[in-house]
Amino acid sequence: MTTELQSSITVKIESFGAIERQLPQSFTVQCQADSLVADVLNQVVQLFPETLNVLERCACAIGEDIISRQTRLNQDSTLVLLSPVAGG
């Protein structure tokens, strides 16, 4: 059973911009360690299908670093979703 606990991580989701209006202020998802950011985003879409179009255009960040959807998550993390900004 200890192995299962070590292989599961908690990813806290925070969102800003247009996506912020479609998601709870802050929530968490459980996933396997070594999951891709894309896998986490797929879970978000399963929970909130109406976010698909906006989520596809969001940038992802951990801390102050913008990360790829192919980034592997190996520990509990806070994934920040940033909607694109228009204007000048």
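Data block above holds the structure.
Right, let's walk through the structure included here. For every chain, the first residue of the written sequence is number 1, and numbering continues from 1 along that sequence. The predicted nature of this model means local features are confined to residues of pLDDT at least 70 and side-chain atom pairs, given and counted, to a pLDDT of 80 or more, with totals for whole chains, interfaces and linings taken over all residues. Excluded from the side-chain calculation are hydrogens and water; included are all heavy atoms of the structure.

With that settled, the discussion passes to the overall build of the protein. Secondary structure elements are taken from DSSP: a helix is a run of H or I of four residues or more, a strand is a run of E of two residues or more, and numbering for both begins at the N terminus. In terms of regular secondary structure, the protein is built from 3 helices and 7 strands. In sequence order, the secondary structure elements of the protein are arranged as α-β-β-β-α-α-β-β-β-β. Here the protein, with 88 residues, has 34% of them falling under the buried criterion. Considering only contacts in the protein between residues 6 or more positions apart, those separated by 24 or more positions represent 55%. To measure how exposed things are, a 1.4 Å probe is used in the Shrake-Rupley method; for residues, cover is taken only from the protein chains shown. If you sum the accessible surface of the protein, you get close to 5600 Å²; carbon and sulfur atoms cover 50% of it. Relative accessible area decides the class of each residue, using a 1.4 Å probe on protein chains only: under 20% of the type maximum gives buried, over 50% gives exposed, and in between gives partly exposed. In this description, contact between two residues means that some pair of their heavy atoms is separated by no more than 4.5 Å.

On to helix H2 (residues 37-47), then. For an α-helix the count is 3.6 residues per turn, leaving residues at separations of three or four pointing the same way. For H2, the full list of buried residues reads Val37, Val40, Leu41, Val44 and Val45. One side of H2 carries all its buried residues, which in axial view fall inside an arc of 145°. Directions drawn from the helix axis to the C-beta atoms are what define this arc.

The subject of this paragraph is the pairing of strand S7 (residues 77-82). Pairing of strand S1 (residues 8-16) with S7, which is carried by 6 bridges, proceeds in the parallel orientation. Within S7, the position partnered with Glu14 by the bridge is Val80. Here, strands pair whenever DSSP counts at least two bridges between them. Bridge count for strand S4 (residues 59-62) against S7 is 3 bridges, and the pairing is antiparallel. Note that in S7 the partner of Ala61 across the bridge is Val80.

One non-glycine residue, Asp34, lies in the positive phi region at around 75°. Along the chain, Asp34 turns up in the loop between strand S2 (26-32) and strand S3 (35-36).

One broad trend across soluble globular proteins is that nonpolar side chains are buried collectively. Core analysis: the largest hydrophobic core is formed by 22 residues, its most contacted members being Val11, Ile13, Val40, Leu55, Leu79 and Leu81. Listed by contribution, the elements that provide at least two residues to this core are S1, S2, H2, helix H3 (52-56) and S7. At 5 residues, H2 tops the list of elements feeding residues into this core. With sequence-adjacent residues up to four places away left out, Leu55 is seen in contact with Ile19, Leu41, Val44, Val45, Arg69 and Leu81. To define a nonpolar core, start from buried Ala, Val, Leu, Ile, Met, Phe, Trp, Tyr and Cys residues and group those joined through side-chain atoms within 4.5 Å.

Okay, the pattern of salt bridges next. Salt-bridge detection follows one rule: a side-chain nitrogen of Lys or Arg within 4 Å of a carboxyl oxygen of Asp or Glu. If you walk through the whole model with that rule in mind, you get 2 salt bridges. Glu14 is the salt-bridge partner of Lys12, the closest N and O atoms lying 3.4 Å from each other.

Okay, the sheet that holds S2 next. What holds strands together in a sheet is hydrogen bonding between their backbones, with the strands either parallel or antiparallel. As summarised here, the arrangement of the 5 strands in space is S2-S1-S7-S4-S5, forming an open sheet in which the pairing is mixed. Since the sheet does not close on itself, it has two edges, and those belong to S2 and strand S5 (65-67), each with one partner. Adjacent strand axes in the sheet meet at a mean angle of 35°, parallel and antiparallel pairs treated alike. With 7 bridges joining them, S1 and S2 adopt antiparallel strand pairing. Bridged to Ser8 within S2 is Gln32. The angle between two axes is taken between their N-to-C directions and runs from 0 to 180 degrees, where each axis is a line fitted to C-alpha atoms and a helix contributes only its stretch in contact. Together, S1, S2, S4, S5 and S7 form the strand contacts of H2, whose direction differs from that of S2 by roughly 125°.

As far as function goes, none of this settles anything; it's purely spatial.
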